[in-house]
Amino acid sequence: MQLKPSKREQIFPLPIALISTASKNGIRNAAPWSNITPILRPLEEVVLASWLKRDTLANIRETGEFVINIPGADMMEAVMVCSRNYPPEVDEFEMAGLKAHPSGKIKAPGIEGCLARAECTLVEEILREKFSLIIGKVVNLEVDESFFDEEGKMDFEKAKPLTCMLGPKGLTFTYPADAGKSAGYAEMFLAGKDPMN
């Protein structure tokens, strides 16, 4: 079975993050994002892809900062509210009933109740014809300690970080489950040593 280009996004399990920003006038924005990934290990830089006409992108360009908030499955409704295309002058925190979490290193607020918040500053924008790639540097990372152990490992079955699968007419919210196997990073290298350690 061949899939048309417009349907190829349906093959990827996608993460869901809420990107929070503030305009230069202080209007808060929160938008769900799946086209986002860390750039290798450790989590020093991230890249996100954006359509050109998004308030989030405009705010990042104006202020040079944003927060990646990781919502749990209990935030599905707020995520859906934030997905609506409100005009730029609307405070999306208010619309979705979100409480701001003060950031430690930047002015843009994080979102209270999320599993983790990565405060980022703009490093580079790679502009293409229909979209933009934003590379950000993580300058501060905070997590909800009730879902992480002392080494920083998430109990993902308890935390239920929100993910999704796209379909022909919409999306289905999902979250990770243990598939029954764990493996150390060193197993991925022939020498049996993780080069990051």
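The preceding data block contains the structure.
Just so we're clear, the structure is a prediction, and the values are computed from it rather than from any experiment. (Residues numbered from 1 in each chain as written. Predicted model: local features only at pLDDT ≥ 70, side-chain atom pairs only at ≥ 80, totals over all residues. Heavy atoms only, no water.)

Caption draft 1: Representation of a negative patch on the surface. A surface patch of like charges, here negative, comprises D149, E150, E151, D155, E157 and D178. With respect to the helices and strands, E150 occurs in the loop between strand 10 (131–143) and helix 4 (156–159). On the basis of relative accessibility, which here comes to 87%, the residue E150 falls in the exposed class. (Patch = residues over 30% accessible without salt bridge, like charges linked within 9 Å, V, L, I, M, F, W, Y side chains within 5 Å. Areas by Shrake-Rupley, 256 points an atom, 1.4 Å probe, with all protein chains shown as cover. Salt bridge = Lys/Arg side-chain N within 4 Å of Asp/Glu carboxyl O. Lys, Arg positive; Asp, Glu negative; His and termini not counted. Charge placed at Lys NZ, Arg CZ, Asp CG, Glu CD. Helix = DSSP H or I, 4+ residues; strand = E, 2+ residues; numbered from the N terminus. Buried < 20%, exposed > 50% of the residue type's maximum accessible area, 1.4 Å probe, protein only.)

Caption draft 2: Fine view of the pairing of strand 5 (residues 45–51). Alternating positions in strand 5 separate cleanly, V46, L48 and S50 being buried on one face and E45, V47, A49 and W51 remaining unburied on the opposite face. Inspection of the sheet shows strand 4 (residues 36–38) paired to strand 5 by three bridges, in the antiparallel sense. What sits directly across from I36, in strand 5, is L48. The turn joining strand 4 and strand 5, which pair antiparallel and follow one another in sequence, is formed by six residues; a positive phi near 60 degrees is taken by L40. When strand 5 meets strand 10, the two strands line up antiparallel, connected through seven bridges. Bridging from a neighbouring strand, L48 pairs with I134 of strand 10. (Pairing = 2+ DSSP bridges.)

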